[in-house]
Amino acid sequence: MTLALLLPGCPATLPVPDSEYQPLPCPDLPDITDLPALQQSIAALHGQVGYLFGSDSTPTLIWLLAIQKFPSAKRHYFCSQQQAWRELAKLRPERSSAPADTQYRVQTGFSDRADGQLIGDAFRWAAWGYLQDSNRRKLQEIEEEAYQRSAANRTLPLRIADARQLGERAFHLTEELRERLASRQPDIEGWIAEVSAGAHRNLAHHLNHELEKWHKRQVNQQQRNTTGRRFHSEMPAVALRDGRHPNSLRHLPAAPRWQIMIDETGLRFDADADRLNTHDKELGRLVALAIPEGQQLPPLPGFHAADAPASEVDHVLHRVLERPLGIFGFTVQDPALQSIGWIAHIQQLLRWVLLQLPVEPGQPLRVDAQIERRSDYQHSQTLQIMGEVLESQCKRLDPQRFAGLQLSLSFIDKQHPLVGYVDAIAYTWGSPAAESADRLKKSALLGHCLLRPSDRALERLYLALNAQHRLPGNDWYALCAATLEESEGGLLASFLKRLGERAQQQLPLWQGYLGEVRQRLHSKDFRLAELGQALAWLDRWAPGGESLPASLRLPLETARLAADNHRGQVNQARIAACLTLSQQLHDEDAPEACSAILRLAATTTNTFEFDTLTAVIRQWLAEPVAVPGLLNHAKLHSTLGQLCAFGGQPEQAGEHFERALECLARLCDPAQAAREMAQTTSYRLTAAMDTPNAAPQALLDTLRQHLGRQIGKQTEAEISRSLAYSGQAARYDHHLWLRALVTFPQTMAAARQDYLGQQHQWQHGKDHPWPLIEAYRGWLLRDADQPEQATERLQAAIDACAAEGNGPTLQWMAEVLRTLAAALGLSCVECCSAEAREQLCHSLPHAPHAQLERFAGAGIMEHGAILAALRQCLPFNFH
């Protein structure tokens, strides 16, 4: 039976990995200082030993004697950290003519470090934190390489084990050293001398080096605070341009050559980083600075932001921000990342940067990426492979755009003349110092160029692109939206074109994207410009074009009608086509046919033809509930309620809204029921505000309860303050609340003041109902004796409605708002125009033109009279 020798320190409870070997415990050995007795004990062993099993506590001398006794045995080293055996293969060396201690290459692809350097690396990686995943992986690689080399140097694995043990001890002593320094204990040098006495000199050197770094940090901090602690940066603030950062990489002009400087800050680049707070200075952050051809920066050799005065860091960062240079970075907690480890994140950063680079498709593109070196990555072979992989990925993703790509990667050190600039960015992002936080705020980089995990950034879409041209629906929609902000010839538009060519051949893919648009319209989760881009793509790349069957053509056409509806546009031909398609589908797909009628009803209200589809809707309501489905049945009641409200019948509208709410409460999906009931409740409350002799207090109590469920605020003051700084997602609740503030000025006086007190946080948008929100803000400001601010808000509302491309309904709203401004006495607003009203008589023949004429001729009016005029000119939720 072949034996497996178990050396001292080997755990008796752990079975050996191969049952054909008979475990043989090592005999009791004399004191390890008695070398002759040890040799005699080992020599007394007999048999063919196939395996040697030891642990990290097995004395080096015993390992050495066992290897000498059984040179043909396979050797196993037990790692107590993992509680598992690790098999180590034999070495097949390849020597050069250089001496063995200076040149040693391994066929298996390991490093060309000398043995002494390998031993030193084992100590350093253990001392830097042997429990970290990345460091532990490095130690395992070093141990593997040592055993690969052991044919030429039998003692090397044992010396590596000793170095690791010493490094682990150094790590724990470093932790204790930091505690002693933090508690200001005396005679630190004496303590270091005591704990390192008798140990290898590396231990004392490591501890003294840590002490020296601590002293240096203290001196730097004292220098920073010589004139008192600074809380503000001297750097001027950066202004955004149309919401874009001037250093946004994807918005820069194209260039044929780019230099990419890469640096990082923080310590954690592995899975441990996920447990850190997003503001923790140890969190790994990676930053790239993209310098296009023709841009020059003064050299900064040896600059290190952590050691420089805050004013100098201000100056260095300002040099970057005032030039057309691209900045991009992310943390290792970013949701777009799918790998861990420093080198993997470097590759991700490079891919992300390459895909955003502004380039001319098909033209030569030279990219020189220079990465600040880390001690664990010293060799260029890794970068050469990485560069080839990245080039291949880019060319496969967009062959035309990246046909001329030549990518060069290299490591650099702190003496590189330009690395100081990217170091200043990384330091500013990761430093907890007050002046760094202020500098970061003034730079406006966060959320634009430097991504936090919580930022909703279009840049993440670049990583969603792949050569298979498959995108989830939400990513496809965001991609359509992103092309609005991408420069001409950008990668996203090019990718969308190829995706469209694919969708034309794959109907399910196209249908999935159509479903995404329909869902967004249903939940009102869209912006008009973005929706237009998505619909244009669907129409351009529809499989079969006009030959689409009615079941596919109807949802596409009604989606486009819904987009037109939000722009106040009316397409009579599309309305007629949708009616015909709906009739064709009545028996084949009744729910879809009914849904189309509901969307058509919303469209016809834009033309002030509130009775056009009333008969059709009543016919659908007469059908058994199961024909259109419970949800559609509820929506039919809700739609009929809206038409009644538009027609000046708020009481009848309320009855239909109540019927709708009763049906919606029966839906099986509680989330869907809550969402639909919230929208219908909003309609009911809007109509109730127009009901004659409505009891304000009861209505407002219901309104508070409704908004309490929607935004989580209960009191009027909380609701006013919360909605004052709300954005796109809460715009309909926002409009409803402002309508109440205007409708009930005395009852809501305190809530008005709370809302006006947050003017500095008001947001605005372009699509409905933002113009009405702005108009109501102007009305509130006028009542608060702030005519200049009121005029500004009314004018913004008018401009939004009258913008080029908007349909006649929004143009009508613009004219009514001009009249409102005049009725409020805001004479600085653009005057209402008889010529514009004449044009609207032709484009909107069913609008209440006579009522608008009376409104325009009334001059300045009292509050109640203005509300009455608005109910006539902009009925229901048109105002």
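(A) Structural view of the overall build of the protein chain. For the protein chain, the count of helices and strands is 34 helices and 13 strands. Of all 879 residues assigned to the protein chain, the portion counted as buried reaches 52%. Intrachain contacts of the protein chain at a sequence separation of at least 6 include 69% that bridge at least 24 residues.

(B) Focus on helix H29 (residues 770-783). With 14 residues, H29 extends 20 Å from end C-alpha to end C-alpha; this agrees with the ideal 20 Å at 1.5 Å per step. Burial within H29 is extensive, with twelve of its 14 residues counted as buried. Every buried residue of H29 is listed here: Trp770, Pro771, Leu772, Ile773, Glu774, Ala775, Tyr776, Arg777, Gly778, Trp779, Leu780 and Leu781. Aspartate 785 sits one or two positions beyond H29 and adopts a positive phi of about 60°.

(C) Broad picture of helix H34 (residues 863-873). Looking only at H34, the buried set comprises Ile866, Leu867, Ala869, Leu870 and Cys873. The arc that holds every buried residue of H34, seen down its axis, measures 165°, which confines them to one face. Packing partners of the buried residues in H34 comprise helix H27 (731-743), H29, helix H31 (808-823) and helix H33 (849-856).

(D) View of the nonpolar core. By size, the foremost hydrophobic cluster in this structure holds 69 residues, and its most contacted members are Leu703, Trp737, Trp779, Trp812, Phe855 and Ile866. Ranked by residue count, the leading element in this core is H31, at nine residues. Once residues lying within four places of it in the same chain are set aside, the contact partners of phenylalanine 855 are Val816, Thr819, Leu820, Ala823, Met861, Ile866, Ala869, Leu870 and Cys873. In terms of nonpolar packing, the next biggest core, distinct from the first, is built from 64 residues, Leu355, Leu390, Phe402 and Leu471 among them.

(E) Seen up close, the pairing of strand E10 (residues 326-331). The buried fraction of E10 is high, at six of six residues. Burial along E10 is two-sided: the face carrying Gly326, Phe328 and Phe330 and the face carrying Ile327, Gly329 and Thr331 are both buried. Pairing between strand E9 (residues 285-292) and E10: six bridges, direction antiparallel. What sits directly across from alanine 290, in E10, is glycine 326. Sheet analysis places E10 next to strand E13 (residues 450-451), joined by two bridges and oriented parallel. When the bridges of E13 are listed, glycine 329 appears paired with leucine 450.

(F) View of the packing of helix H26 (residues 716-724) against H27. One way to put it is that H26 packs onto H27 with a least axis distance of 10 Å and a crossing angle of 130°. Here H26 lies oblique to H27, going by the angle between them. Regarding H26 and H27, the two cross each other, and that crossing is left-handed. When H26 is examined against H27, the residues Glu716, Ile719, Ser720 and Leu723 are found in contact with a partner set consisting of Asp733, His734 and Trp737.

(G) Local environment of the sheet that holds E10. Strand order in the open sheet formed by six strands is E12-E11-E8-E9-E10-E13, with mixed pairing between adjacent strands. Only two strands of the sheet have a single neighbouring strand rather than two, namely strand E12 (405-412) and E13. Looking at chain direction, strand E8 (residues 257-265) and strand E11 (residues 365-372) are connected through six bridges and run parallel. Note that in E11 the partner of isoleucine 262 across the bridge is isoleucine 371. The sheet contacts of helix H11 (residues 419-430) involve E8, E9, E10, E11, E12 and E13, and relative to E9 the element is tilted by about 145°.

(H) Summary view of the packing of aromatic side chains. In this structure the tally under the stated criterion is 17 aromatic pairs. Here tryptophan 476 and tyrosine 477 contribute two aromatic rings whose centre-to-centre distance is 6.4 Å and whose plane-to-plane angle is 65°, an arrangement assigned as edge-to-face. Given the relative accessible area of 0%, tryptophan 476 is considered buried. You can call tyrosine 477 buried: its relative accessible area is 2%. Taking 4.8 Å as the distance between ring centres and 65° as the angle between the ring planes, the aromatic pair formed by phenylalanine 646 and phenylalanine 878 counts as edge-to-face. Of this pair, phenylalanine 646 sits in helix H22 (residues 630-646) while phenylalanine 878 sits in the segment after H34, placing them 232 residues apart in sequence. Under the relative-accessibility criterion, phenylalanine 646 is labelled buried at 7%. By relative accessible area, which is 8% here, phenylalanine 878 ends up buried. Grouped by ring-pair contacts, the aromatic residues Phe608, Phe610, Phe646, Phe657, Tyr683, Trp812, Phe876 and Phe878 constitute a single cluster. The ring of tryptophan 429 carries arginine 285 above its face, with NZ or CZ at 5.8 Å from the centroid. Sitting over the face of the ring of phenylalanine 402, arginine 401 holds its NZ or CZ atom 5.8 Å from the ring centroid.

(I) Structural context of the environment of serine 720. Mapped onto the elements of the fold, serine 720 is located in helix H26. Leave out the neighbours within four places in its chain, and serine 720 touches Trp737, Ala751, Asp754 and Tyr755.

(J) Layout of empty space enclosed by the protein. The full count for this structure, using the stated rule, is three cavities of 30 Å³ or more. Elements with a contribution of two residues or more to the lining of the second largest cavity: H29 and H31. Looking at the lining of the second largest cavity, the element that brings in the most residues is H29, giving four residues. Here the residues of the lining of the second largest cavity sort into eight nonpolar, one polar and no charged.

(K) Local environment of the environment of phenylalanine 876. Position of phenylalanine 876 among the secondary structure elements: in the segment after H34. For phenylalanine 876, a relative accessible area of 1% gives the class buried. Sequence-wise, phenylalanine 876 and threonine 686 are 190 residues apart; in three dimensions their C-alpha atoms are separated by 6.8 Å. Residues in contact with phenylalanine 876, not counting those within four places in the same chain, are Gln642, Ala645, Phe646, Phe657, Tyr683, Thr686, Ala687, Asp690 and Arg739.

(L) Geometry of the pairing of E11. Counted residue by residue, E11 has seven buried out of eight residues, so it is predominantly covered. Pairing of E11 with E12, which is carried by eight bridges, proceeds in the parallel orientation. Residue pairing for E12: aspartate 368 is matched across the bridge by serine 408.

Parameters and conventions
Residues numbered from 1 in each chain as written. Predicted model: local features only at pLDDT ≥ 70, side-chain atom pairs only at ≥ 80, totals over all residues. Heavy atoms only, no water. Helix = DSSP H or I, 4+ residues; strand = E, 2+ residues; numbered from the N terminus. Buried < 20%, exposed > 50% of the residue type's maximum accessible area, 1.4 Å probe, protein only. Contact = heavy atoms within 4.5 Å. Expected span 1.5 Å × (residues − 1). Arc of directions from axis to C-beta. Core = buried A, V, L, I, M, F, W, Y, C linked by side-chain atoms within 4.5 Å. Pairing = 2+ DSSP bridges. Axes fitted to C-alpha atoms, helices over the stretch in contact; angles between N-to-C directions. Parallel < 35°, antiparallel > 145°, perpendicular 65-115°, else oblique. Left-handed = near helix turned anticlockwise from the far one by under 90°. Phe/Tyr/Trp six-rings, centres within 6.5 Å; stacked < 30°, edge-to-face > 60°. Lys NZ or Arg CZ within 6 Å of the ring centre and 35° of its normal. 1 Å grid on protein atoms, 1.4 Å probe; cavity = no way out; pocket = protein on both sides within 12 Å on 5 of 7 lines; lining within 4 Å. Points joined across faces, edges and corners; volume = space filled by probe spheres on them. Nonpolar A, V, L, I, M, F, W, Y, C, P; charged D, E, K, R; others polar.

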